[in-house]
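Chain residues, written in single-letter form:
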Amino acid sequence: MAYYLGVMSGTSLDGLDIALIEQDLSTRLVATHYVPMPATLRQQLLELCASGPDEIAKAALAENQWVALAAEGISTLLAGQQLAAKDIRAIGSHGQTVRHEPARGFTVQIGNPALLAELTQITVVGDFRRRDVAAGGQGAPLVPAFHEALFGAEGEARAVLNVGGFSNLSLIGGNQPVSGFDCGPGNVLMDAWIHLKRGQDYDRAGAWAASGTLQPDLLNVLLSDPFFAGSGPKSTGREVFNLGWLQRHLAALPALDDADIQATLLELTAQSIVHSLRVAQPTTHALLVCGGGAHNQALMTRLAALLPSTQVGSTATAGVDPDWVEAMAFAWLADCCLQGIAANRPSVTGARGLRVLGAIYPA
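Residues numbered from 1 in each chain as written. Predicted model: local features only at pLDDT ≥ 70, side-chain atom pairs only at ≥ 80, totals over all residues. Heavy atoms only, no water.

1. What to know about unusual backbone geometry
Rules: Numbering goes from the N terminus for both helices and strands, where a helix is a DSSP run of H or I of at least four residues and a strand is a run of E of at least two. The cut-offs for exposure are 20% and 50% of the maximum accessible area for each residue type, with area from a 1.4 Å probe on protein chains only; residues under the lower value are buried, those over the upper are exposed, and the others partly exposed.
Residue Pro141 follows Ala140 across a cis peptide bond; omega there is -15°. Looking at the secondary structure, you find Pro141 in the loop between helix 4 (130-134) and helix 5 (144-151). Positive phi, close to 35°, is recorded for Asn112, a residue that is not glycine. In this structure, Asn112 sits in the loop between strand 6 (106-110) and helix 3 (113-120). The phi torsion at Ala205 lies on the positive side, around 60°, for a residue other than glycine. The exposure class assigned to Ala205 is partly exposed, which follows from its relative accessible area of 28%.

2. Comments concerning the UniProt feature "binding site: ATP" (unreviewed entry) in the chain
Worth spelling out the cut-off: UniProt positions are given in the numbering used here, feature names are shortened, and annotations may be inferred rather than shown by experiment. Any two residues having at least one pair of non-hydrogen atoms within 4.5 Å are treated as being in contact.
Mapped onto the present numbering, the UniProt feature "binding site: ATP" (unreviewed entry) falls on Gly10, Thr11, Ser12, Leu13, Asp14, Gly15, Leu16 and Asp17. When you line up the elements, Leu16 lands in strand 2 (residues 15-23). Once residues within four sequence positions are removed from consideration, Leu16 is found in contact with Val7, Met8, Ser9, His33, Tyr34, Val35, Met37, Trp66, Leu69 and Ala70. Locating Asp17 in the fold gives a position in strand 2. For Asp17, the residues in contact, after removing those within four places along its chain, are Gly6, Val7, Met8, His33, Tyr34, Asp323, Trp324 and Ala327.

3. Points about the packing of aromatic side chains
Convention followed: Ring pairs are drawn from Phe, Tyr and Trp, using the six-membered ring of Trp, whenever the two centres fall within 6.5 Å, and their geometry is named by plane angle: stacked under 30 degrees, edge-to-face over 60, tilted for the rest. Charge over a ring is defined by NZ of Lys or CZ of Arg lying within 6 Å of the ring centre and within 35 degrees of the ring normal.
Under the defined criterion, the tally for this structure stands at six aromatic pairs. Plain terms: the ring middles of Phe227 and Phe241 are 5.7 Å apart, the flat faces sit at 85° to each other, and that makes the pair edge-to-face. Residue Phe227 is located in helix 9 (residues 226-229), and its partner Phe241 is located in the loop between helix 9 and helix 10 (243-251); the two are separated by 14 residues in the primary sequence. Note on Phe241: relative accessible area 0%, which makes it buried. An aromatic cluster of three or more residues is present, and its members are Phe227, Phe228, Phe241 and Trp245. The cationic tip of Lys234 hangs over the ring face of Phe227; the distance from NZ or CZ to the ring centre is 4.3 Å.

4. Focus on the environment of Gly126
Its place among the elements puts Gly126 in strand 7 (residues 124-126). For the pair Gly126 and Ile341, spaced 215 residues apart in the sequence, the C-alpha separation amounts to 15 Å. Discounting chain neighbours no more than four positions away, the residues touching Gly126 are Ser93, Pro113, Gly358 and Ala359.

5. Regarding the pairing of strand 1 (residues 2-8)
The cut-off we apply is this: When DSSP finds two or more bridges between two strands, those strands count as paired.
Counting buried residues along strand 1, seven of its seven residues qualify, which places the element largely inside the surrounding structure. The alternating pattern of strand 1 places Ala2, Tyr4, Gly6 and Met8 on one face and Tyr3, Leu5 and Val7 on the opposite face, and all of these are buried. Inspection of the sheet shows strand 1 paired to strand 2 by seven bridges, in the antiparallel sense. Within the sheet, the bridge partner assigned to Tyr4 lies in strand 2 and is Ile21. In textbook terms, the turn of a hairpin is the stretch between consecutive antiparallel strands, and for strand 1 and strand 2 this stretch comprises six residues, one of which, Leu13, has a positive phi near 60°. Across five bridges, strand 1 lies against strand 4 (residues 88-93) in parallel orientation. Bridging across to strand 4, Tyr4 finds its partner in Ala90.

6. Side note on the packing of helix 5 against helix 13 (residues 325-339)
The line we're drawing: For helices, the axis comes from a line fit to the C-alpha atoms of the stretch in contact; other axes are also lines fit to C-alpha atoms, and the angle between any two N-to-C directions lies between 0 and 180 degrees. Small angles under 35 degrees read as roughly parallel and large ones over 145 as roughly antiparallel, with 65 to 115 read as roughly perpendicular and the rest as oblique. Ten residue types, Ala, Val, Leu, Ile, Met, Phe, Trp, Tyr, Cys and Pro, are classed as nonpolar, four, Asp, Glu, Lys and Arg, as charged, and the remainder, Gly among them, as polar.
Two elements in contact, helix 5 and helix 13, have axes whose closest approach is 10 Å; the angle formed by their N-to-C orientations is 100°. The orientation of helix 5 relative to helix 13 falls into the category roughly perpendicular. Within the contact between the two elements, helix 5 uses Ala145, Phe146, His147, Ala149, Leu150 and Phe151 and helix 13 uses Val325, Glu326, Met328, Ala329 and Trp332. Grouping the amino acids of the contact of helix 5 with helix 13 by side-chain chemistry returns nine nonpolar, one polar and one charged.

7. Side note on the domain arrangement of the chain
Interface extent is often summarised as the accessible area lost during association of the parts. Here is the rule: Domains are outlined according to an automatic or database domain assignment. Joining two parts hides part of their accessible area as seen by a 1.4 Å probe, and the buried area is that hidden amount summed over both. Should a side-chain nitrogen of Lys or Arg be within 4 Å of a carboxyl oxygen of Asp or Glu, the pair is scored as a salt bridge.
Here the domain parsing of the chain yields domain 1 (2-139 + 350-361) and domain 2 (143-318). Counting residues at the interface gives 13 residues for domain 1 and twelve residues for domain 2. When domain 1 packs against domain 2, close to 990 Å² is buried across both sides, 50% of that on carbon and sulfur atoms. A per-residue breakdown of the area domain 1 buries against domain 2 is headed by Thr11, His100 and Gln138, which together make up 45% of the total. Inspection of the domain 1/domain 2 interface yields zero salt bridges. It is strand 5 (residues 96-101) that contributes the most residues to the side of domain 1 that touches domain 2, four residues altogether.

8. Thoughts on the pattern of salt bridges
Scanning the entire structure with this criterion turns up seven salt bridges. Glu156 is paired through a salt bridge with Arg158; the nearest N and O atoms lie 2.6 Å apart. Residue class for Glu156 comes out partly exposed when judged on its relative accessible area of 22%.

9. Some words on the environment of Glu239
Quick note on the threshold: In protein, a polar contact means a hydrogen-donor-capable atom and an acceptor-capable atom, both N or O and within 3.5 Å, with residues adjacent in sequence counting only if both atoms are side-chain atoms; elsewhere, any N or O pair within 3.5 Å suffices.
Relative to the helices and strands, Glu239 is located in the loop between helix 9 and helix 10. As for Glu239 and Val98, which are separated by 141 residues in sequence, their C-alpha atoms are 9.2 Å apart. Residues contacting Glu239, with those up to four places away along its chain left out, are Val98, Arg99, His100 and Glu101. At a separation of 2.8 Å, a polar atom in the side chain of Glu239 contacts the main-chain amide nitrogen of His100.

In structure tokens form, the structure reads like this:
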């Protein structure tokens, strides 16, 4: 048995999730800690998602701030568990994605693993995505193998849906190799729109979207993006779906009510997920949802309505808190790296073969 820490901050940029797991033949969540993202750092990271002046220096400074937050959060979590650095085998640190363009042969996550190892005095495994991209893969999603280990059920076709800034599916069971891919925007467009129009970081429980009315013309225009026509392996990010992308489509249509636009963005997320699932795994017994989207009641209700023959619920129904699945995954990936176990899945990313993921920064 060994303790591992997983550190994850996703495209929503709301904060850092830190999960402590106990790993042997199975994975057990021991403790968690959440570190909110300071507004100034969040803005800096958002700016790094697009080209701008002095990017190299800005990225270096931003990642050092990110690491300082992670180290502080790790210290707090360990103190609460009465654990010391020597008790932890390794930290699996995803870092913060600022660019993801596998079609051009690169993906960039900043997070200075060397500095994190120095500040925590714990071995750090980072840079998980680039080996898969080097092998011709998408570098994302990387969690389906973990989802299979955690949620697989003998002979039962299940899907695990992570809804963060973007949504991705892991298809497990049904006597088939695990597969998975990005479906499209998760919360990213809804978050950007409510922040622009109401100054809020996210639509709590989907209440604002639920107050609006779906606009079919807008939905059809948004769904016409070429990304939705492709099948997996595929991945996406802010390079494709962002506020500017939405505003360009809105400019070509008559003026719409703000709440109606939010309702349509929620439908875009729901329909892109459901279409992807129906094409890839038509007979899905259960859909387990994790990430922030699991708390969007309007989205969960819509998914259930669109999938009447599938049991739709959060991963809590399978005994795992939906807020911590992704951070747990990177702790698990750190264990795989240290053991020399390949953790990508070519059926998911399109890589030329199995690869050990991550780079090791000893304490």
